[in-house]
Amino acid sequence: MRALVISGGGSKGSFAGGVAQYLIEREYREYDMFLGTSTGSLLVPHLACGRLGKLYDIFTNVQQHDIFSVSPFVQRKKGDREFVSIDFVNSLWQFIKRKRTFGESKALKRNIRRNFTEDEYKLIKTLRHDVVVTVANLSMNRVEYKSINECTYEEFCNWIWISCNYIPFMSLAVVDGHEYADGGLGSVIPIREAIARGATEVDAIVLEAENMDKQKVLGKNPFSLMLNLFGHLLDQVERNDIEIGKLAAKANNVKLNLYYTPTSLTENSLIFSKRLMEKWWQQGYDYAEQKHS
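Keep in mind it's a predicted model, so treat the numbers as computed, not measured.

Parameters and conventions
- Residues numbered from 1 in each chain as written.
- Predicted model: local features only at pLDDT ≥ 70, side-chain atom pairs only at ≥ 80, totals over all residues.
- Heavy atoms only, no water.
- Axes fitted to C-alpha atoms, helices over the stretch in contact; angles between N-to-C directions.
- Helix = DSSP H or I, 4+ residues; strand = E, 2+ residues; numbered from the N terminus.
- Parallel < 35°, antiparallel > 145°, perpendicular 65-115°, else oblique.
- Left-handed = near helix turned anticlockwise from the far one by under 90°.
- Contact = heavy atoms within 4.5 Å.
- Nonpolar A, V, L, I, M, F, W, Y, C, P; charged D, E, K, R; others polar.
- Buried < 20%, exposed > 50% of the residue type's maximum accessible area, 1.4 Å probe, protein only.
- Patch = residues over 30% accessible without salt bridge, like charges linked within 9 Å, V, L, I, M, F, W, Y side chains within 5 Å.
- Areas by Shrake-Rupley, 256 points an atom, 1.4 Å probe, with all protein chains shown as cover.
- Salt bridge = Lys/Arg side-chain N within 4 Å of Asp/Glu carboxyl O.
- Phe/Tyr/Trp six-rings, centres within 6.5 Å; stacked < 30°, edge-to-face > 60°.
- Lys NZ or Arg CZ within 6 Å of the ring centre and 35° of its normal.
- Core = buried A, V, L, I, M, F, W, Y, C linked by side-chain atoms within 4.5 Å.
- Expected span 1.5 Å × (residues − 1).

> Looking at this model, I keep getting lost on the packing of helix H6 (residues 106-115) against helix H8 (residues 153-163). Mind explaining?
Each pair of packed helices can be summarised by the angle the axes make with each other and by the distance between the axes. Closest axis-to-axis distance for the H6/H8 pair is 9 Å, and the angle between their directions is 135°. In this view, H6 runs oblique relative to H8, as classed from their interaxial angle. For H6 against H8, the interelement crossing comes out right-handed. Contacts between H6 and H8 pair Leu108, Lys109, Ile112 and Arg113 from the former with Tyr153, Glu154, Cys157, Asn158, Ile160 and Trp161 from the latter. Residues of the contact of H6 with H8, tallied by class, amount to 6 nonpolar, 1 polar and 3 charged.

> Help me understand the environment of Glu243, please; the structure alone is not making it clear to me.
Within the secondary structure, Glu243 is located in helix H10 (residues 222-251). Judged by its relative accessible area of 46%, Glu243 falls in the partly exposed class. Sequence-wise, Glu243 and Ser224 are 19 residues apart; in three dimensions their C-alpha atoms are separated by 29 Å.

> How should I be thinking about a nonpolar patch on the surface in this particular structure?
Nonpolar side chains collect at one region of the surface, where Val89, Leu92, Trp93, Phe95 and Ile96 lie side by side and expose about 550 Å² of accessible area between them. Following the sequence through the fold, Ile96 ends up in helix H5 (residues 88-96).

> Can you help me understand the packing of aromatic side chains in this one?
Between two aromatic rings, the relevant description is the distance of the centres plus the angle of the planes. If you walk through the whole model with that rule in mind, you get 11 aromatic pairs. The interplanar angle of 65° and the centroid separation of 5.9 Å between the aromatic rings of Tyr121 and Tyr153 together place this pair among those described as edge-to-face. Of this pair, Tyr121 sits in helix H7 (residues 118-127) while Tyr153 sits in helix H8, placing them 32 residues apart in sequence. Between Tyr166 and Phe169 the ring centres are 5.9 Å apart and the planes differ by 40°, which places this aromatic pair in the tilted class. Classification of Tyr166 by relative accessible area gives buried; the value is 12%. A network of ring pairs unites the aromatic residues Phe95, Phe102, Tyr166 and Phe169 as a single cluster. Directly above the ring of Trp159 sits Lys146, whose terminal nitrogen or CZ lies 4.4 Å from the centroid. For the cation-ring pair, Lys291 lies above Tyr259, with the distance from its terminal atom to the ring centre recorded as 5.3 Å.

> What's the story with the nonpolar core in this structure? I'm lost.
Generally speaking, nonpolar side chains in soluble globular proteins are found buried as a group. Counting residues in hydrophobic clusters, the biggest one holds 85 residues, and the most contacted among them are Leu47, Val202 and Ile205. In contact with Ile205, other than residues within four places in its own chain, are Leu4, Val5, Ile6, Ser7, Ala16, Val19, Ala20, Ile189 and Tyr259.

> Is there a simple way to think about H10 in this case?
Residues spaced three or four apart along an α-helix point in a common direction, a consequence of the helix completing one turn every 3.6 residues. Here H10 contains 30 residues, and its C-alpha end-to-end distance of 43 Å stays within 8% of the 44 Å for a straight helix at 1.5 Å per residue. Buried within H10 we find Phe223, Ser224, Leu227, Leu234, Asp235, Glu238, Asp241, Ile242, Gly245, Ala248 and Ala249. Directly after H10, the chain includes Asn253, whose backbone phi takes a positive value near 55°.

> Would you mind showing me how to read unusual backbone geometry here?
Peptide bonds are mostly trans, and most non-glycine residues show a negative phi. Here the bond from Ile167 into Pro168 is cis, since omega is 5°, no more than 30 degrees from zero. Mapped onto the elements of the fold, Pro168 is located in the loop between H8 and strand E7 (173-175). Unusually for a residue other than glycine, Tyr28 sits at a positive phi of about 55°. Within the fold, Tyr28 resides in the loop between helix H1 (13-25) and strand E2 (33-37). Assessed through its relative accessible area of 65%, Tyr28 is described here as exposed. Backbone geometry places Asp176, a non-glycine residue, at a positive phi of 50°. Mapped onto the elements of the fold, Asp176 is located in the loop between E7 and strand E8 (178-182).

Next up, the structure:
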């Protein structure tokens, strides 16, 4: 049983889309299972129902307003460089309204339902063994994996959204009295879960470089420094996931193929730039082609 696993990584998900396109179209990989965390959760349903063209259009055209109903960020340009800074006005309003997060991502929830239809949900259930998204149950301090086979269409769309909620910058969700957030807070790339569910070969797309090739520039205010800190912590979780995944693969005689980004694509994966995401998609395709040649 072959599984495709995609890590979290915000806008860098476009790179994963390029890798997946090459593997499916050029290597003719047929996957029984798809597992994703955060941006990976957005990718796997479309990959599972074979909608590669649609997925490319969605990912390379997404903008801040497609994600945030209340954005804690302002996207700016300085020459050819695009970067994100904190929207202090919106963040202040969130405090005044006694919200616990700096922003809200209800626009993303609507966007998921608009782009992933109930017909596609039904198609996946007839075509694939399983599609799984990762969420963090903060109330119970544990990671949970939500299978399409155990959810209604509405429930599954909701779990995809929750898997992407990078708190404290996006919405905190409540389900059955428990508070949930981005699955990356506990499992950035669920390789071990794919093996536990019966995968005998795993292609895992990691949206980070295997080795950090440059020194990071830390934020100049508490908000941007917080972003850097969260990024650092998630990097450590990801490295642990990969090491645990390698051990699980070895113990279960599973073939594990890892696809890293060749370089560090961006220091802020909350930049949603059409130019950059088109470039990263092509880079992912070219990287996978080069790796297999």
